[in-house]
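# Results of the structural survey
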Amino acid sequence: MTMTTTAPYRAVLRCIQGCTGAHSLLEPIYRCPNCGDLLEVSHDLDALRDRSAGSWMRLFDERYKRTTWPYGSSVWGKKEWVCPGVDADNIVSMDEGGTNLFWAERFGRELGVSDLWVKLCGNSHTGSFKDLGMTVLVSLVRQMMRQGVAIRAVACASTGDTSASLAAYAAAGGIPAIVILPRGKVSTAQLVQPLSNGATVLALDTDFDGCMAIVKRLSTEEGIYLANSMNSIRLEGQKTVGIEIVQQFDWEVPDVIIIPGGNLGNVSALGAGFDMMEALGVTARRPRIVVAQAAAANPLYRAYRNDWRFEPIKAATTQASAIQIGNPVSIEKAIRTLRRYDGIVEQATEDELADASARADRTGMYNCPHTGVALAVLAKLRARGEIASTERVVVISTANGLKFTDFKLDYHRAAADLRPRLANLPVELPDDYDSVLRAVARATGSS
Ligand SMILES: *Cc1c(COP(=O)(O)O)cnc(C)c1O
Ligand SMILES: [Zn+2]
């Protein structure tokens, strides 16, 4: 087995508007110095063509879920395509990716989608798919610090999952972390995670967009390294989700992929992964990409309905807190991706997302609210015939339901304005056999 590769693979940061100039991944830079727009990582594809598509697929398969450092992580197993310049001993990895992709047979049958799959990205180190990108970012920071770049700490604004992931990876790498959260707007589990990992947690009286404005300023003025997805380095790790899905299908491309979207870095990353597979001959066709948004925070949906003309909005409160974003930083990248991938954007109301999540839970899943948005959107698109009954559909489940106990409890207790159709609460009984027997009879319909 040849685990390591020797060719001088290279990746640099370039402006998404095509301004000239390239920047090292080891430079703390987040925007084009010429026009101020976002940067993106650009790989030297010609160098990567020194291996055939088949040889890349074999290499990635050989490394998948094994233990040769750092390739057992499904992100670092694709290191040459992700971040070739980082030294193996600077990598901070806790075995990312390799998450289960399962056939959702019963739920799919209920919706009339016989080939429905769920990619459970929430089964990861900190319980969300943010780990895929954070391992790359924190590894690069460690390399920069060891090379003498002055970085006081890493920081992010977060709706919950980014801060949990940043705090964990920074702690593993021995790097100070600062997370800035909107006070009272993240779940208890998401607040406890960065606290436990020893991050400095600043809870501000504002929303995500307000936290973002502050962290951006810190990162330009104070030697604080920005870990938000405006920093496109994270997207290089996030893009492996699409590559891994294709790998898990023995290198076959599914017809449709549905992903919940907030700041829209992830849909852009999904597209970037497919672009790279196509460019290197691993795939010959493209999936359709669907972004699912909460109706309360739907700026991309509005743009989709308006010829891709985008206007930022003030996001209203949604149970899908990780996608409660009114002014997504990666809007342009996302629109570009959706145009290339025959994209669809659909939305789900609070009742729709909660019911879809609960309905799927009844078939054995345990969904976070964002996955609920994606499942509700799937049901709508199927009902309208925009997804055919025989198409292979993958829903990207972005976080672990266990992080969202309040969301689940509120649903089953019919809290707030919810009108749950599948509420299920404990039956409280005395220590008495006959009472139990009557309850069992009611439950099994034989009373
Ligand atoms: C971050 C996140 C999203 C959205 O990803 P974006 O790149 O911001 O669009 C969706 N679901 C969960 C659970 C997340 O943490
Ligand atoms: Zn530029």
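Scroll up to find the structure.
A brief look at the structure comes next. (Residues numbered from 1 in each chain as written. Chains lettered and ligands numbered in written order. Predicted model: local features only at pLDDT ≥ 70, side-chain atom pairs only at ≥ 80, totals over all residues. Heavy atoms only, no water.)

## Quick look at the sheet that holds strand β7 (residues 200-204)
Note the following rule: Here a strand pair is declared whenever DSSP counts at least two bridges between the two strands. Under the scheme used here, helices are H or I runs from DSSP no shorter than 4 residues and strands are E runs no shorter than 2 residues, and both carry numbers assigned from the N terminus. Angles run from 0 to 180 degrees between N-to-C directions of axes, and those axes are lines fitted to C-alpha atoms, restricted for helices to the stretch in contact. Any pair of residues with heavy atoms lying within 4.5 Å of one another is described as a contacting pair.
If you walk across this open sheet you meet the four strands as β7-β6-β5-β8, and the pairing is parallel. The open sheet has two edge strands with one neighbour each: β7 and β8 (224-226). Between one strand axis and the next, the sheet turns by 25 degrees as a mean value, whatever way the strands run. In this structure, strand β6 (residues 177-182) lies alongside β7, joined through five bridges in parallel fashion. Looking at β7, one finds that L181 is bridged to A203. Its contacts with the sheet place helix α8 (residues 208-221) against β5 (153-157), β6, β7 and β8, and it is angled at close to 150 degrees to β6.

## Comments concerning the environment of L26
To keep it simple, the criterion reads: Buried means the residue's accessible area, taken with a 1.4 Å probe over protein chains only, is under 20% of the maximum for its type, while exposed means over 50%, and partly exposed covers the values in between.
Looking at the element boundaries, L26 is found in the loop between β1 (11-15) and β2 (39-43). For L26, a relative accessible area of 22% translates into the label partly exposed. As a C-alpha pair, L26 and V86 span 60 residues in sequence and 9.1 Å in three-dimensional space. Ignoring anything within four residues of it in the chain, the contact list for L26 reads L140, Q143, M144, Q147 and V149.

## Here's the deal with the coordination of the zinc ion (ligand 2)
Under the convention used in this document: We call an atom a donor if it is N, O or S and sits within 2.8 Å of the metal, or 3.2 Å for Na, K and Ca. Water is not counted, so some sites may look partial. Under the classification used here, a metal with four donors is tetrahedral if each angle lies between 85 and 135 degrees, square planar if opposite donors are over 155 degrees apart and the others between 65 and 115, a six-donor metal meeting that same test is octahedral, and anything else is irregular.
Bound to the zinc ion (ligand 2) are the protein donor atoms C15 (SG), C19 (SG), C32 (SG) and C35 (SG), situated 2.3 to 2.4 Å from the metal. If you look at the zinc ion (ligand 2), its four donor atoms make angles of 103 to 112 degrees with each other, and the shape they trace is tetrahedral. Positions of the donor residues of the zinc ion (ligand 2) along the chain correspond to the pattern C-x3-C-x12-C-x2-C. Of this pair, C19 sits in the loop between β1 and β2 while C32 sits in the loop between β1 and β2, and the two are 13 residues apart along the sequence. A relative accessible area of 18% means that C19 is categorised as buried.

## Some remarks on the packing of helix α10 (residues 240-248) against helix α11 (residues 265-279)
The relative placement of two packed helices is expressed as an angle between their axes plus a distance between the axes. The line we're drawing: Oblique is the label for any angle not covered by the other classes, which are roughly parallel (under 35 degrees), roughly antiparallel (over 145) and roughly perpendicular (65 to 115). For this classification, the nonpolar set comprises Ala, Val, Leu, Ile, Met, Phe, Trp, Tyr, Cys and Pro, the charged set comprises Asp, Glu, Lys and Arg, and every other residue, Gly included, is treated as polar.
Two numbers describe how α10 lies on α11: the axes approach to 6 Å, and their chain directions differ by 55 degrees. Between α10 and α11, the interaxial angle falls into the category oblique. Only L270, G273, F274 and M277 of α11 make contact with α10, whose side of the interface consists of V241, G242, I243 and V246. Along the lines of polarity and charge, the residues of the contact of α10 with α11 split into six nonpolar, two polar and no charged.

## Considering the sheet that holds strand β9 (residues 256-260)
Strand order in the open sheet formed by six strands is β3-β4-β12-β9-β10-β11, with mixed pairing between adjacent strands. Edge positions in the sheet fall to β3 (101-103) and β11 (344-348), since each has one partner strand and no second. When the angles between neighbouring strand axes are averaged without regard to direction, this sheet yields 25 degrees. As judged from the five bridges shared by β9 and strand β10 (residues 288-294), these two strands associate in the parallel manner. Residue pairing for β10: P260 is matched across the bridge by A292. Of the strands in this sheet, β3, β4 (115-120) and β12 (392-397) are in contact with α10, which crosses β4 at around 130 degrees. On the sheet, α11 packs against β9, β10 and β12 and is oriented at approximately 150 degrees with respect to β9.

## Some remarks on the nonpolar core
Test applied: Side-chain atoms within 4.5 Å are what join buried Ala, Val, Leu, Ile, Met, Phe, Trp, Tyr and Cys residues into a set we call a nonpolar core.
Among the nonpolar cores identified, the biggest contains 101 residues, and W81, L137, L166, Y225, L300 and I396 are the most heavily contacted of them. The element best represented in this core is helix α5 (residues 131-146), accounting for eight residues.

## Regarding the site of ligand 1
As a reminder of what qualifies: Here a residue counts as near a molecule or strand whenever at least one of its heavy atoms sits within 4 Å of it. Side-chain atoms alone can form a polar contact between residues adjacent in sequence; in general such a contact is a pair of N or O atoms within 3.5 Å, and within protein one must be able to donate a hydrogen while the other accepts it. Note on definitions: the grid is 1 Å and covers protein atoms alone; a cavity is a set of points where a 1.4 Å probe fits but cannot get out; a pocket is an open set with protein on both sides within 12 Å along at least five of seven lines; lining residues have an atom within 4 Å of a point. Think of it this way: if more than half of a molecule's atoms are within 2 Å of a pocket's grid points, that molecule is in the pocket or cavity.
In the vicinity of ligand 1 there are 15 residues, among which K130, D161, G262, N266 and T398 approach most closely. K130 is positioned with one of its side-chain polar atoms (N or O) 2.6 Å from an oxygen atom of ligand 1. Judged by its atoms lying within 2 Å of the grid points, ligand 1 is housed in the largest cavity.

## Focus: the pairing of β12
Along any regular strand, the residues point their side chains to alternate faces of the sheet. Of all six residues in β12, five are buried, a share of seventy percent or more. Here β4 runs beside β12; their pairing, made up of six bridges, is parallel. In the strand pairing of β12, V118 is matched with V395. Bridge count between β9 and β12: three bridges; the pairing is parallel. If you follow V256 over to β12, its bridge partner there is V393.

## A word on the pairing of β10
For clarity, the cut-off: Handedness of a crossover is defined as follows: with both strands directed away from the viewer, a clockwise route from the first strand across the helix to the second makes it right-handed.
A large share of β10 lies buried, amounting to six of its seven residues. In this fold, β9 hands off to α11, which returns the chain to β10; that crossover is right-handed. Relative to β11, β10 runs parallel, the two sharing five bridges. Residue pairing in the sheet places Q293 in a bridge with Q347 of β11.

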